[in-house]
Amino acid sequence: MQTVDILMATYNGSDFIRNQILSLQQQTDVNWKLFIRDDFSTDNTVAIVNEISSLDSRIILIKDELGNIGPGKSFIELTRYSESEYAIFCDQDDIWFERKIENLKKYANIKLRGDVPGLVYCDAYGYNSNKGVITVPSISTARAENLNEFLFFNSGYQGCSILFNKFLCNMLKEYTAKFYLHDDITSLIAHVFGDVHFLDDKLMLYRQHDKNVTGNVNNNDIRSIIKRALNTDGAVLTKLHYDEKKCFYDFYKDSISIKDKELFKAYFKYPELSLFNRLLLINKYGFKLGQYKFRLLFKTLFQRPISR
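Residues numbered from 1 in each chain as written. Predicted model: local features only at pLDDT ≥ 70, side-chain atom pairs only at ≥ 80, totals over all residues. Heavy atoms only, no water.

1. Let's talk about the overall build of the protein chain
Here's step 1: Helix and strand counts for the protein chain come out as 12 helices and 11 strands.
Here's step 2: Since a compact globule built from 308 residues should have a radius of gyration of about 19 Å, the 19 Å found for the protein chain is in line with a globular shape.
Here's step 3: Across its three principal directions, the C-alpha atoms of the protein chain cover 60 × 45 × 40 Å.
Here's step 4: Put simply, the protein chain has 308 residues, and 54% of those count as buried.
Here's step 5: Of the roughly 14,300 Å² that the protein chain leaves accessible, carbon and sulfur atoms contribute 51%.
Here's step 6: One finds the centroid of the 40 positive side-chain charges in the protein chain at a distance of 7 Å from the centroid of its 38 negative side-chain charges. (Helix = DSSP H or I, 4+ residues; strand = E, 2+ residues; numbered from the N terminus. Rg over C-alpha atoms; globule rule 2.2 N^0.38 Å. Buried < 20%, exposed > 50% of the residue type's maximum accessible area, 1.4 Å probe, protein only. Areas by Shrake-Rupley, 256 points an atom, 1.4 Å probe, with all protein chains shown as cover. Lys, Arg positive; Asp, Glu negative; His and termini not counted. Charge placed at Lys NZ, Arg CZ, Asp CG, Glu CD.)

2. A closer look at the packing of helix 6 (residues 166-173) against helix 7 (residues 182-193)
Here's step 1: The N-to-C vectors of helix 6 and helix 7 enclose an angle of 120°; their axes lie 10 Å apart at closest approach. As the angle between them shows, helix 6 and helix 7 are arranged oblique. Crossing handedness for the pair helix 6 and helix 7: right-handed. Taken together, the residues of helix 7 that come into contact with helix 6 (itself represented by Leu-168, Met-171 and Leu-172) are Ile-185, Thr-186, Ile-189, Ala-190 and Phe-193.
Here's step 2: Looking at the contact of helix 6 with helix 7 residue by residue, the classes come out as seven nonpolar, one polar and no charged. (Axes fitted to C-alpha atoms, helices over the stretch in contact; angles between N-to-C directions. Parallel < 35°, antiparallel > 145°, perpendicular 65-115°, else oblique. Left-handed = near helix turned anticlockwise from the far one by under 90°. Contact = heavy atoms within 4.5 Å. Nonpolar A, V, L, I, M, F, W, Y, C, P; charged D, E, K, R; others polar.)

3. Quick notes on the nonpolar core
Here's step 1: Residues Phe-152, Phe-164, Phe-248, Phe-264 and Phe-287 are the most contacted members of the largest nonpolar core, which totals 53 residues.
Here's step 2: Once you skip the residues sitting within four places of it in the chain, Phe-152 turns out to touch Val-236, Leu-237, Tyr-267, Tyr-270, Phe-287, Lys-288, Leu-289 and Leu-296. (Core = buried A, V, L, I, M, F, W, Y, C linked by side-chain atoms within 4.5 Å.)

4. Observations regarding the pairing of strand 3 (residues 59-62)
Here's step 1: Inspection of the sheet shows strand 2 (residues 32-38) paired to strand 3 by four bridges, in the parallel sense. If you follow Leu-34 over to strand 3, its bridge partner there is Ile-59.
Here's step 2: A crossover links strand 2 with its parallel partner strand 3, the connecting element being helix 2 (residues 45-53), and its sense is right-handed. (Pairing = 2+ DSSP bridges. Right-handed = clockwise from strand over helix to strand, strands pointing away.)

5. Section: the environment of Thr-28
Here's step 1: Checked against the element boundaries, Thr-28 lands in the loop between helix 1 (17-25) and strand 2.
Here's step 2: Here Thr-28 falls in the partly exposed class, since its relative accessible area comes to 36%.
Here's step 3: In sequence terms Thr-28 and Arg-99 are 71 residues apart; their C-alpha atoms lie 5.7 Å from each other.
Here's step 4: Apart from the residues within four sequence positions on either side, Thr-28 is in contact with Glu-98, Arg-99 and Glu-102.

6. Notes on the packing of aromatic side chains
Here's step 1: In this structure the tally under the stated criterion is 30 aromatic pairs.
Here's step 2: With a centroid separation of 5.4 Å and 75° between ring planes, the pair formed by Phe-75 and Phe-89 is classed as edge-to-face. Of the two residues, Phe-75 sits in helix 3 (residues 71-78) while Phe-89 sits in strand 4 (residues 86-90), which places them 14 residues apart along the sequence. By the burial criterion, Phe-75 is buried, and Phe-89 matches it.
Here's step 3: For the pair Tyr-249 and Phe-268, a centre-to-centre distance of 5.7 Å together with 80° between the ring planes defines the contact as edge-to-face. Remark: Phe-268 occurs in helix 10 (residues 258-269) and Tyr-249 occurs in helix 9 (residues 239-252); sequence separation between them is 19 residues.
Here's step 4: Classification of Tyr-249 as buried rests on a relative accessible area of 10%. (Phe/Tyr/Trp six-rings, centres within 6.5 Å; stacked < 30°, edge-to-face > 60°.)

7. Observations regarding the environment of Asp-195
Here's step 1: Tracing the chain through its elements places Asp-195 in strand 9 (residues 195-208).
Here's step 2: We classify Asp-195 as buried; its relative accessible area is 9%.
Here's step 3: For Asp-195 and Leu-119, which are 76 residues apart along the polypeptide, the C-alpha to C-alpha distance reads 6.2 Å.
Here's step 4: Ignoring sequence-local partners within four residues, the contact set of Asp-195 consists of Lys-111, Leu-112, Arg-113, Val-116, Pro-117, Gly-118, Leu-119 and Ala-190.
Here's step 5: Within the structure, the side chain of Asp-195 is placed 2.6 Å from the side chain of Arg-113, a separation counted as a polar contact. (Polar contact = N/O pair within 3.5 Å; in protein donor to acceptor, adjacent residues only side chain to side chain.)

8. Details of helix 6
Here's step 1: Where helix 6 is concerned, the buried positions are Leu-168, Cys-169, Met-171, Leu-172 and Lys-173.
Here's step 2: Turning to helix 6, the residues buried within the fold contact helix 3, strand 4, strand 6 (118-128), strand 8 (162-165), helix 7 and helix 9.

9. So, the packing of helix 7 against helix 9
Here's step 1: In contact at an axis separation of 11 Å, helix 7 and helix 9 are set at 50° when each is read in the N-to-C sense. Considering the angle they form, helix 7 stands oblique to helix 9. In the packing of helix 7 onto helix 9, the handedness of the crossing is right-handed. Within the contact between the two elements, helix 7 uses Asp-184, Ile-185, Leu-188, Ile-189, Val-192 and Phe-193 and helix 9 uses His-241, Glu-244, Lys-245, Phe-248 and Tyr-252.
Here's step 2: Counted by class, the contact of helix 7 with helix 9 contains seven nonpolar, one polar and three charged residues.

In short, shape yes, function no, at least from these values alone.
Here it is in structure tokens:
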């Protein structure tokens, strides 16, 4: 019987966490455990978790002495407790549809190999918590088939949409380089060393509110995409994610393939080049922003190469 470990990092989530856990308890696939690590909340998040966990033995509150370490490190710390075939990140404030685990697990069983790190991820609706309505029809419009298409992402895939295998979970347990967020590193490992597959189903409500740690998702119609690309105050690369990828490369450089090493090195050169040479580099290495080269070309033409 395949099991799934749900990994939830919490911090001051009392407004939403009860509904999120209720949505987990309504899953059609009941073979799961929920590991929760609270990052020293100052509200009654822990009290709510203790109340619910006293009635459901599948819910386990982790107690450690690490203090407040931030969401990225908190999620990665939770991987240490997972021993199941699959693990899945879970935000404290979303609402999962009842077949999310079932559908992702079925898809993973079809697509993922057990001897390499792999993940599958799904789509979701953007849900405005204040209005109580769906405001974004899709949060996963930028998808990458390979490293060429992924490197220029200033993020990973939404962590709450990712289900990953035990091989990848074990690699996360061993990752000690500096990083920003857990989903960045999870996505990078899978693209560089294993499998990434997208399930084109919307399996949850991704809650939008003022306290979102990683910000709210944008509308991704063509007008909005062009408007963001033409924003001259923006940058193609954020220095935070650029430095994160450098740390990733240094950590794994002895294991990365020659082909992927060339891609990383070209990516690292990008902000140092003139505009003309940045355009040449994109063409030479087949870089895209997700499936779309035009997005990356537009941003290159109108934005700074890297944030200050």
